[in-house]
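# Chains, contacts and geometry: an overview
Residues per chain, in single letters:
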Amino acid sequence: PSAEPLWQPTDERAHRSQMYAFTACMAAKYGFAADYPSLHRWSITRRDQFWKEMFDFAGIQATRAATAVEIGSGMLGTKWFPGLEFNFAAHLLRFGDDRVAIEAEDELGRTRSITYRELRDQVAHCAAALRDAGVNRGDRVGGFLPNIPEAVVAMFAVASLGAVWSSCSPDFGIDGVFDRFGQITPKVLFAADAYSYNGKTIDSMDRVRGIVAKIPSIEHVVIVPFINPSPELTGLRRAKLWAEFLPKDGGQSPPYEAVPFDHPLYIMYSSGTTGVPKCIVHGQGGTLLQHMKELMLHCDLRRDDTIFYFTTCGWMMWNWLVSSLGVGATVVLYEGSPTYPDADHLWRM
């Protein structure tokens, strides 16, 4: 097979990239050659320098500075940015202007646009509702939702309180959700009434009732009417529709609880091929810093860009995609089959 690359950027394009700017700046500051192999070598041999510089390059603001970048040794013995306090949601919602944050579309052809200002306002209202529901720092909240704006709003609201978000795709069955959420004792469950896939409507309410019946820790259920505007809530304890759950006055900005760098943000899961899925905890700081590195340096994502990745809320790529809001880009959410009504649907979108 040929070793020739399929595509290479022009020098002019490469020199406009954030990777080039970061490399040139670090090479001048730390005295290595201004090329990618040298940058990569430096990032491994001087991790303390690299991650501190990436933190600053991403514009992350801490409410309390770290006493060091890295202490300890080994995978289990290393602690990153000890003493630092900040909030993941505060960075991703820092713009708050009228640029479009989210473009949402589903296979039924429905579309929605939400600006950064509107997104921050909705998160503030949702965070106020969660706090009224008794959600505090460290509590777990589950999302059994399609890939829709309400999932993003709920996740940010949870993160802003220092609570922990975990989500499953709505195509999971009762046992699949219980095997995951049953381990983390969520206090609140967000779910949709139904979803559409390949032109068919699949009702979720019976599965939501079954999930809530099996997980006694769930104190509140919030139903997002995605297909039916007035779903029946009978049989669900302390259940409300999304619009009823949000208070009329939630403030202009979320509360942004300051937490340590390694404070839990997400609980994701292994595939479950060797027994019950294993919980995988992702911290606020590590998640944000790694995502900003990938999005800014490797994807060269900027404020005037629009980014799309086909995913559901049950895959970690959803979490990665949403982090694009941290650079002020427009995120496209798509809910439904990628090939409905035909294989060209996503390309037209």
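These remarks concern the structure in this document.

What counts as what
Each chain carries its own residue numbering, running from 1 in the written order of its sequence. Two thresholds apply to this predicted model, a pLDDT of at least 70 for residue-level local features and 80 or more for giving and counting side-chain atom pairs, whereas whole-chain, interface and lining totals are computed over all residues. Calculated side-chain values reflect all of the structure's heavy atoms, with hydrogen atoms and water omitted. Each helix is a run of H or I in the DSSP string that is no shorter than four residues. Each strand is a run of E no shorter than two, and both are numbered from the N terminus. Note on patches: the residues involved have over 30% relative accessible area and no salt bridge, like charges join within 9 Å, and the nonpolar side chains Val, Leu, Ile, Met, Phe, Trp and Tyr join within 5 Å. Only the protein chains shown count as covering a residue, and every accessible area follows the Shrake-Rupley method with a 1.4 Å probe. The working definition used for a salt bridge is a side-chain nitrogen of Lys or Arg within 4 Å of a carboxyl oxygen of Asp or Glu. Exposed residues in this analysis have more than 50% of their type's maximum accessible area, buried residues have under 20%, and partly exposed residues fall in between, with area computed by a 1.4 Å probe over protein chains only. Within this analysis, the arc is defined by the directions that extend from the helix axis to the C-beta atoms. Whether two strands pair depends on DSSP finding at least two bridges between them. Here an axis means a line fitted to C-alpha atoms, over the contact stretch when the element is a helix, while the angle between two N-to-C directions is reported on a 0 to 180 degree scale.

### With respect to unusual backbone geometry
The step from Y340 to P341 runs through a cis peptide bond, and the omega angle for that step is 0°. Note that P341 resides in the loop between β17 (330-335) and α13 (345-348). In this structure, F81 takes a positive phi of about 45° despite not being glycine. Of note, F81 is situated in the loop between β2 (79-80) and β3 (85-86). The residue D300 is not glycine, and still its phi comes out positive at about 55°. Among the secondary structure elements, D300 is positioned in the loop between α11 (284-298) and β16 (306-308).

### Considerations on a nonpolar patch on the surface
Side chains of Y309, W315 and M316 sit close together on the surface and give an oily, nonpolar patch of about 290 Å² of accessible area. Within the secondary structure, Y309 is located in the loop between β16 and α12 (316-322). A relative accessible area of 32% means that Y309 is categorised as partly exposed.

### Observations regarding helix α3 (residues 36-45)
Buried residues of α3: S38, L39, W42 and S43, and no others. One side of α3 carries all its buried residues, which in axial view fall inside an arc of 135°. The exposed residues of α3 that point more than 90 degrees off its buried face are I44 and T45.

### Here's the deal with the pairing of strand β5 (residues 111-115)
Looking along a regular strand, one sees side chains alternate from face to face of the sheet. As paired elements, strand β4 (residues 100-106) and β5 share 5 bridges and run antiparallel to each other. Looking at β5, one finds that V100 is bridged to T115. Connecting β4 to the antiparallel partner β5 that follows it, the hairpin turn spans 4 residues, and G109 within it adopts a positive phi of roughly 90°.

### Section: the sheet that holds β16
An order of β5-β4-β17-β16 is seen for the 4 strands of this open sheet, with the pairing classed as mixed. In this open sheet, the two strands that pair with only one neighbour each are β5 and β16. Shown here is a sheet whose adjacent strand axes are inclined to one another by a mean of 20°, direction ignored.

The values are spatial; any link to function lies outside them.
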